[in-house]
Amino acid sequence: MNEMRPDTFDENAKAALQDEVLRGALTKATGLFGERRTAAVEEVPDWEPLRERARQVKEEVLAHLDEYLPRFVMNAERQGIVVHWARDAKEACQVVVDLATARGVKTVVKSKSMTTEEIHLNAALEREAVEPVETDLGEWIIQLAGETPSHIIVPAIHKTKRQVAELFTEKIGIPATDDEKELTRCARDVLRARFAEADMGISGANFAIAETGSILLLENEGNIRLTTSLPRFHLAVLGIEKIIPTLADLAAFLRLLPRSGTGQHLTSYQSILSGPRRDGDTEGPEEVHVLLLDNGRSRMLRERVTRQSLACIRCGACLNACPVYQQVGGHAYGSVYPGPIGAIITPQLSGLHKAAQLPYASSLCGACRQVCPVKIDIPELLLHLRHRIASGEGLPGSDVPGRPLLERFGFKLWAWAMRGPRRYRIANRLLRWLAPLRVGPVRAWTAARDLRPPAKRTFRDAWRDGIEDPS
Amino acid sequence: MRVALFPTCLVDQFWPSVGVATVRVLRRVGCEVMFDEQLTCCGQPAFNTGYREEAARVAGPVVDRLDAMGVDAVVVPSGSCGAMFRHLTEVFPSGPRADRARAVASMTHELSSFLVDVLGRTDVGGRFDGRVTWHDGCHGLRELSIHSAPRRLIADVEGAELVEMGSADSCCGFGGTFSVKYPEISVAMLDAKLEKLPNADVRAVVSGDVSCLMQIGGRLSRLGSPVKALHLAELLAGSEGAS
Amino acid sequence: MSEDAKREILASIAAALASSRELEGDPPPLDPSTSRCAVPTIAATERLSRFRGMLERVGAGCTVVANLEDAATAVRDTLREAGAEKVAVSNADVVSELAQRLEGVALVDDLGDRAALLDCPAGLTTAQFGIAETGTLVLVSSAETHRLVSLLPPLHVAVLRESRILGTLDDALKVVGPDGDATEISRAITFVTGPSRTADIELTLVVGVHGPKHLQVIVVREEDSA
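Residues numbered from 1 in each chain as written. Chains lettered and ligands numbered in written order. Predicted model: local features only at pLDDT ≥ 70, side-chain atom pairs only at ≥ 80, totals over all residues. Heavy atoms only, no water.

Student: Please clarify how the arrangement of the chains should be interpreted in this entry.
Tutor: Most contacts, when the 2 pairs of chains in contact are compared, are made between chains A and C. At the C-alpha level, the nearest point of chain B lies 13 Å from chain C, with no contact between them. (Contact = heavy atoms within 4.5 Å.)

The structure is reproduced here in C-alpha cells:
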C-alpha cells in the first residue's frame, strides 16, 4: 500500500472508490454500527439531556484545564503514579523509549491507543530494539499486515476474514481456515505467550479523573486488563484533554460511549486504575506511570469553537454516520484520526498546511453532529477551518495553505456579480455562455451527472412579466 | 400576510419554475407576495467554502433590502438557504447589520415549514397523479428540523402517494462546492442513496432544495432513469414543472 | 526535560485560556440541574431480576441460590459442565469456604504463580458489588486479590451476595469512590459485564478472545451466610 497522507486525500479517496472489497466492508460495518447505535440510544429516554450534560462537563474541564490538569496530576502522584509530560510526538517517544531502555525492556505489550498511533510510538520503540506487540485483535492484525487502522473502533474493518486467514497462515503459520472463532483462538494463544513474557504494558486512557488521580479504560477483549495487570511496569499515554472532574461524572460517559461506539449498553470491561501495587499486594504492576501529551492540544483551547474538538471521546459514531467515510473509509484521510472528527482534529494537530484538504472533505450534511455523544458541532468546525484557510488567518502554530487561484478569483467575481440586479443579469448571461463549454467545475460536474442548463428566462424575468394563476 | 419571496440564486438561474410555483402556492393560501430584484443570493456558496468576507458582501444588501421591505415573513423555497439565514449572525457578528441580520433571520422560513408550522396549512390544493418519494435536504432536516411538514403537505396533495425510500435522510452528495471538488465521492454518495430508491413505480423524487434536485436529477438523467426530480413547490402548485 | 515540558505545557494552557477568557468570557458554570439527568432509579425489589436479565443479554450465566451450601453445588456443577478439574481461587473468605466443599477439584491458590494461573481452566472469585442497570460485576482490588483469577482462566465463576446488587452505575461509582465505603480509592476497580468479546474479524462476535469465554455469576440470597 502506498503511504497515504492527508494532503493526498483526493487521490486516496479515488483509489478507495475503486476497491470493491473495501466498499463492501464499509457498507456492512457502518450500516450495522449505525443500526445498533440507533437501537441502543432508543433505550435511553433521556439521551438528549445526557449528551448535553456530557458536553457541559467537557467544556467545564477544557475551559478550566489550568485547574483540572494539575489537580489530576497531584492526586495521581499521591497514589504513587509517576507523571511525565511531553510537548510533542518526538518528546513523547523519547520519554517512553528512555523508560523502557532504563528498565531493560525487550517486549512491550500494547493495548489499542490512538494517542500512541498519533506519536508513532511503535516505530520509535523498534528503532531502539524494543518490540511493541499490539494486543487488541484488530490492531494486531493490522500490525502483522504492516498497515494502519482504518476505523477508530474496528481497526481492521477493511480486511475480510479470508485476508486475515491468509495473513495468519503466512505470519504465524496456522493451517488455512475460514472460521473466525479459530482465528481468534490462534490469536489468543500467540498473544498469551507475549503477555507472559512482556516487561512493560503500554495503554492509552479513555478518561482521567481529576478528583482521584485515576485513569479509566474501556474495552471488550480483556487485553487492556492484561496489559495493565500482568507486566511489572504499566505506562498510560494520554492527551491532556482526557480529564473529567469526578468519578461520579463517569456515569454519563459510560452510558454514552459504548452505545455510540458499538451499540452496547456497556463494554465488557471498565478498569479504573489508581496506581501501583502496595506492600502486601501479590498482583498489579509494581510501577505505574502516566505520560501527558500536548502535541498541539493546548493551543486548541484558545477559542470555544476549536476547544470543542478536544471534547471527543473517540467513540467512532461520526465515522459510521458520515456519508463520505461510508464511501472512502479511514485510510483515505491519511491520518490516525479519520472521518469527520479526523477532518477537524488532524489539521489542528498537524498544522493546516499539512491537512488542508480535510476540512473540505465533507458535504456538511451534519450527520456527525447529530450522533456525537458530546455534541461537538463538527460542521461548525469545518466551516471555521475553511474560513481560516480561505481568509489567510490560519491557526496558532500553523502555516496557512493557499487556496486554488481559480477558487479565489471565482468567489471574488461571484461576490461582484451578486451585488445588485444589473451585475447579476450580466452574470446570468456569462453563466449561460460558459456552461456549455464544460470547463472547470462544469466539467467536474458533468463527468457522471447531467447539468441542468441555465434558464433562458430567469425567475426575475418571469416576475417582471407578471405571474398569473394558471386557472 | 405580506411575505417576501427569496427565490434563491439557483432557482432563479436554473429552475425558475420553482419560484413561479412558490408564488402561486403562497397566493393560494392568501399571502401577498413581494419580490425585489436586489434579492440575489444568501451568500452560502462563499460562506461554506470559507470566504466569509465575500459572503458578507453579497448577503449585506440582501439583509438590508429584506429588512426594509416591511414584510411579515420571508419565505425561501430551500432548506439550505433557509439555514444560511441563521448563519448570517456569524457573517455579521456586530454592527448595525448584526441587528438587521438577526431580525431577518427570525422572520425567514423554509417553504414547507412556513405553510405548515406558521400558517397551519397542509392542504394547499395541489394535484399530482402518482407515487413520489421524499428526499430530506440535510440542512433543512438537521439545522431547521424540517421532517414532518413536507410529508404532511405531500399527503394532502390530491392523487399523490408518498413512498419512503428508506434512505430519505442520507445526504445526496451535493454539498455545494464539494460536488465539484470531489465529484467521484459526491456521485458515490448519491448512488448509495439511490440504491434504495424503490423500484416501485415512483414517478418523482421530491425535495425542498433545488441544489439536491440538480444533483439527484442530473444523475437520474445520466442513468436514463424515467424518475424525475421535482421540487415540493412544483408538486404543491399542481404543475409538474418543465424539466 | 520533563520539568521543562511540564512548565511549558502548563504555560501554554494558561496563555490559551487567558486569551479565551479575555475575548469570549468564562463559560457558564456547570448547570447543577443537569447533573442528575438520565439517572434511572431501580427499586431494591427489582434489582435481582434486572441484574439477571442483563447478564443473560450479554451471554453470561446466572444462578440464584439460597445459601452458601447451594452455592458450592452450583460452583461444582459449573466446573463439571466446563470439564474443569482445576480451579484458581482468590483469597476471599467466601471463596475459601466454598473451596473446602469442592471435593474432587484441584485448587490453585498461589496467586503469585503466574504460570499456574495462566494454565488454569477456571477461576473462582467473589464480586464486591453488582449493578442491576447493566448486569455488571464490580471487582474492588483492595477487598480481594482477584485481578488475575477473574481474567486469565477461560471460565470465571463469581459469587455475589444479593444484598450487594446496587441499582445503577451512579450508585456503583459512589460506593467505590473516595466518599464511599473506603477512605481511599482502590488500586484497581474493574467492572465486568459478560465474557470477553471481539468482533474485529468481519464484525462477527467471538467470545473469549483475551479474557474468559464464560462468565457464571452465582447470586446468594441468604443474608447471614459467610
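Still more to cover.
Student: Sorry, what's going on with helix α16 (residues 339–350) of chain A here?
Tutor: An α-helix turns once per 3.6 residues; consequently, residues spaced three or four apart project the same way. Residues and elements named next belong to chain A. Compared with the 16 Å implied by 1.5 Å per residue over 12 residues, the 16 Å span of α16 between its first and last C-alpha is a close match. Here α16 lies mainly inside the structure; 11 of its 12 residues are buried. Of all the positions in α16, only G339, P340, I341, G342, A343, I344, I345, T346, P347, Q348 and L349 are classed as buried. Positioned one or two residues after α16, G351 has a phi angle of 105°, which is positive. (Helix = DSSP H or I, 4+ residues; strand = E, 2+ residues; numbered from the N terminus. Expected span 1.5 Å × (residues − 1). Buried < 20%, exposed > 50% of the residue type's maximum accessible area, 1.4 Å probe, protein only.)

Student: Would you explain the packing of aromatic side chains in this entry?
Tutor: Ring pairs (aromatic) are described by centroid distance and by the angle formed between their planes. Residue and element names in this part refer to chain A. Evaluation of the coordinates by the stated rule reveals 13 aromatic pairs over all chains. Measuring from centroid to centroid gives 5.8 Å for F411 and W414, while their planes differ by 80°, and the two rings are edge-to-face. With a gap of 3 residues between them, F411 and W414 both fall in helix α19 (residues 405–417), about one helical turn apart. Neither F411 nor W414 differs from the other in exposure class; each is buried. (Phe/Tyr/Trp six-rings, centres within 6.5 Å; stacked < 30°, edge-to-face > 60°.)

Student: So what exactly am I meant to see when it comes to the sheet that holds strand β4 (residues 108–110) of chain B here?
Tutor: Within a sheet, neighbouring strands are paired by backbone hydrogen bonds and run either parallel or antiparallel to one another. All names here are of chain B. What the 4 strands build is an open sheet, ordered β2-β1-β3-β4; its pairing is parallel. The sheet is open, and its two edges are formed by β2 (32–34) and β4, each paired on a single side. The average angle at which neighbouring strand axes cross in this sheet is 35°, direction not considered. Pairing of strand β1 (residues 2–5) with strand β3 (residues 73–76) involves 3 bridges; the strand directions are parallel. Counted as the bridge partner of V3 is A73 from β3. Together, β1, β2 and β3 form the strand contacts of helix α2 (residues 16–28), whose direction differs from that of β1 by roughly 175°. (Pairing = 2+ DSSP bridges. Axes fitted to C-alpha atoms, helices over the stretch in contact; angles between N-to-C directions.)

Student: Would you take a moment to explain the environment of V132 of chain B for this structure?
Tutor: All names here are of chain B. In this fold, V132 is placed in strand β5 (residues 127–135). C-alpha separation for the pair V132 and K228, spaced 96 residues apart in sequence, amounts to 9.4 Å. When neighbours within four sequence positions are excluded, V132 is seen to be in contact with I154, E161, L162, V163, V202, A204, V206 and L235.

Student: What exactly am I supposed to notice about the interface of chain A and chain B here?
Tutor: Size of an interface: often given as the accessible area lost when the parts come together. In this assembly, 65 residues from chain A lie in contact with 63 residues from chain B. Carbon and sulfur atoms supply 60% of the area buried between chain A and chain B, which totals about 5900 Å² over both sides. There are 6 salt bridges connecting chain A and chain B. On the surface where chain A and chain B come into contact, there are 34 residue pairs in polar contact (both at pLDDT 80 or more). Every element with two or more residues in the side of chain A that touches chain B is listed here: α1 (9–17), α15 (323–328), α17 (367–371), α18 (378–390), α19, α20 (421–434), α21 (441–446) and α22 (459–465) of chain A. When residues in the side of chain A that touches chain B are grouped by element, the largest group, 6 residues, is from α19 of chain A. Here the side of chain A that touches chain B is built from residues that sort into 34 nonpolar, 12 polar and 19 charged. (Buried area = accessible area lost by both parts, 1.4 Å probe. Salt bridge = Lys/Arg side-chain N within 4 Å of Asp/Glu carboxyl O. Polar contact = N/O pair within 3.5 Å; in protein donor to acceptor, adjacent residues only side chain to side chain. Nonpolar A, V, L, I, M, F, W, Y, C, P; charged D, E, K, R; others polar.)

Taken by themselves, the reported measurements are silent on function.
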